[in-house]
Amino acid sequence: MRLLTQNFRVRYSFMIFSILGALIFLFILLYWFDILADSKWPAIISGLLTGFVVALFQTFLSLVELRKIDKYDALRIKNILPRRDDREYYEHLISTAKEKVYVQGVTAQRFLDHFANDVSSREGAKVLLAALGRGVEVRILIASKLVLTEKDQQKTELAKPILKDLSKRFPEKFKYAYFEHPPAHSIVVIDGESIVGPVFSEFNSEFTPAIHLENKSEFVQPYLKYFENEWAKWSNDKKTQQS
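Caption draft 1: Spatial organisation of the overall build of the chain. Of regular secondary structure, the chain possesses nine helices and seven strands. When burial is assessed residue by residue, the chain has 40% of its 243 residues classed as buried. Pairs at least 24 apart in sequence give 71% of the contacts found in the chain among residues at least 6 apart.

In C-alpha cells:
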C-alpha cells in the first residue's frame, strides 16, 4: 500500500474505502443473482459479506487516524526521528547515495568520525569515503569557531584536519565552508531525500529530533533553499577554509 501511495499519491482513506466498497458490492451481486452454481457458495459469500461490512464500519471509526496518515503522506514524510544518534540509519542512506551528500550543522565532527574514518574497523565507518570514490558530490557547511562555545570549538579543531585531508584527496567532489553566525538548523541532503531538524545550543545535535522527508515535500523546501543561499554566501575561496 505504501508503494501505491508513493507512486500515485492516493489517499489511504480513499483507497481503503474504495477497496472495501468494491468488495462489498461484488459480494452483494454474487449473492443476489446467485451467479455461482454450487450450493455452498451462498453461505460462504454471506459470511464474507458480513465480514467486509464489519471491516468497513471499523475503518469508518478509524477515519481520524487514516486522515493523519494521509496528512503525513501528503507531506512526503518518510520518518520522524526523536534523536539523531542512529548511526546505521545514516549509513544506509549515504551508502546508497548516487549524486550528492550535503550537510549543514555545527561542527560535522561526529559526522566525519562516523562516516569518513580511515582508521576505524567498524563496518560503515568509511561510507562517505566510498561515496566520494564513486563520484558523489559532498558539501559540508559548518559554523565558524568564532561563534561557537568552547566545547564546540574543540570539536571544530578535531574536524579541521579531516576536512582539509578530504578536500586534498577529492578536490573535485569534496567541498567545505564555514558560516559566521550561530547555527540554527541541521540539514542532511542525500540525493532526493533530506533529514532536517533544529539546533539547540544547550544540547548535542545527536540528542535533538529530526524529520526525514522526500525533497519534493513542501515542508523541506525552505531548508533546501536555506542551504543553497548559505552555500552561495559562504563557500567562496576566502571563506572555504579556515587557518
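Caption draft 2: Spotlight on the sheet that holds strand β5 (residues 185–190). Taken in spatial order, the seven strands line up as β1-β7-β6-β5-β2-β3-β4 in an open sheet, and their pairing is mixed. Each of the sheet's edge strands pairs with one partner strand only, and the pair in question is β1 (77–81) and β4 (174–179). Each strand of the sheet is rotated relative to its neighbour by a mean of 10°, with strand direction disregarded. Relative to strand β7 (residues 210–214), β1 runs antiparallel, the two being bridged by four bridges. Within the sheet, the bridge partner assigned to I77 lies in β7 and is L213.

Caption draft 3: Seen up close, the pattern of salt bridges. Summed over the entire model, instances satisfying the criterion amount to nine salt bridges. A salt bridge links R169 to D118; the nearest nitrogen and oxygen atoms lie 2.6 Å apart. Separated by 51 residues along the polypeptide, R169 in helix α8 (residues 150–169) and D118 in the loop between α6 (109–115) and α7 (127–133) bring together distant segments of the chain. Assessed through its relative accessible area of 44%, D118 is described here as partly exposed. For E157, the salt bridge identified is with K145, shortest N-O distance 3.1 Å.

Calculation rules
- Throughout, residues of each chain are indexed from 1 in the direction in which the sequence is written.
- Totals for whole chains, interfaces and linings use all residues, but because this is a predicted model, local features are given only for residues with pLDDT of at least 70 and pairs of side-chain atoms are given and counted only at 80 or more.
- Values shown for side chains rest on all heavy atoms present in the structure; no hydrogens or waters enter the calculation.
- Going along the chain from the N terminus, every DSSP run of H or I of four or more residues is numbered as a helix, and every run of E of two or more is numbered as a strand.
- The buried label goes to any residue with under 20% of its type's maximum accessible area, the exposed label to any with over 50%, and the partly exposed label to all in between, with areas taken from a 1.4 Å probe on protein chains only.
- Throughout, a contact is declared for two residues whenever any of their heavy atoms are within 4.5 Å.
- Whether two strands pair depends on DSSP finding at least two bridges between them.
- In this analysis, axes come from line fits to C-alpha atoms, helices being fitted only over the stretch in contact, and the angle between any two N-to-C directions falls in the range 0 to 180 degrees.
- We define a salt bridge as a contact between a side-chain nitrogen of Lys or Arg and a carboxyl oxygen of Asp or Glu at a distance within 4 Å.

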